[in-house]
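A closer look at the structure
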Amino acid sequence: MTAMPPRFDITAAQIERVVNKFYAAVRRDPVLAPVFAAHVPRDGWPAHEAKIASFWRNAILYERIYDGNPMQKHMAARNVHAEHFPHWLGLLDMTLAAELPPDTARAFSALAHRIARGLRINIAVLNHAFHYRAVAFSGKKPVPLIAPLTNTKAMIIGAVLP
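Examining the packing of helix α1 (residues 12-28) against helix α5 (residues 84-99)
Packing of α1 against α5 leaves a shortest axis separation of 9 Å and a crossing angle of 135°. When the axis of α1 is compared with that of α5, the two are oblique. Helix-helix and strand crossings are classified by hand; for α1 and α5 the assignment is right-handed. Contacts between α1 and α5 involve Arg17, Val18, Lys21, Phe22, Ala25 and Val26 on the former and, on the latter, Trp88, Leu91, Leu92, Thr95, Leu96 and Glu99.

This is the structure we're talking about:
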């Protein structure tokens with residue numbers, strides 16, 4: 001069986017460099033550092049970076065070395081919110097532009113944005129579902145909220161407007 005070609009021209013070493021530089025920036029970032037600090041201990045960064053590099057190597061190079069479920073991890077992390085994703089993506093895009101050739105940075109960014117879109121939507125839906133349950137117990141009447149799932153589908157969930 002022939003191995004699948006990578007999604008775009010990048011090496012494993014470049015992916016690892018991007019991941020290391022990105023998480024160095026995350027640790028200095030006033031918005032994202034506290035989110036990650038709640039889940040990654042100070043001495044846990046090398047293992048976290050290796051795991052995330054294996055995720056990207058799997059997603060881009062098809063190496064099949066990643067063992068994990070990013071959706072489950074992000075949904076279980078109660079301090080990760082949909083509004084964190086644009087900031088996360090902005091920091092990643094800056095790292096990609098600094099570390100990779102322009103075409104490779106654009107391709108990596110497009111893939112990251114596509115993956116983040118799914119994570120962000122699911123986290124938003126989960127957060128609204130928890131809010132809906134809390135409101136249901138409070139006696140307030142929920143109002144429908146339409147949360148887009150794709151360009152052609154939508155899901156109606158219960159939410160409360162402020």
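A word on the side chain of Thr95
With respect to the secondary-structure elements, Thr95 resides in helix α5. Overall, Thr95 belongs to the buried group, its relative accessible area being 8%.

Comments concerning the pattern of salt bridges
One pass over the full model with this rule turns up five salt bridges. The salt bridge involving Glu63 is made with Arg57; its shortest N-O contact spans 2.7 Å. Three or more residues are tied together by salt bridges with common partners; here these are Glu16, Arg57 and Glu63.

Quick notes on the rules
Residues numbered from 1 in each chain as written. Predicted model: local features only at pLDDT ≥ 70, side-chain atom pairs only at ≥ 80, totals over all residues. Heavy atoms only, no water. Axes fitted to C-alpha atoms, helices over the stretch in contact; angles between N-to-C directions. Helix = DSSP H or I, 4+ residues; strand = E, 2+ residues; numbered from the N terminus. Parallel < 35°, antiparallel > 145°, perpendicular 65-115°, else oblique. Left-handed = near helix turned anticlockwise from the far one by under 90°. Contact = heavy atoms within 4.5 Å. Buried < 20%, exposed > 50% of the residue type's maximum accessible area, 1.4 Å probe, protein only. Salt bridge = Lys/Arg side-chain N within 4 Å of Asp/Glu carboxyl O.

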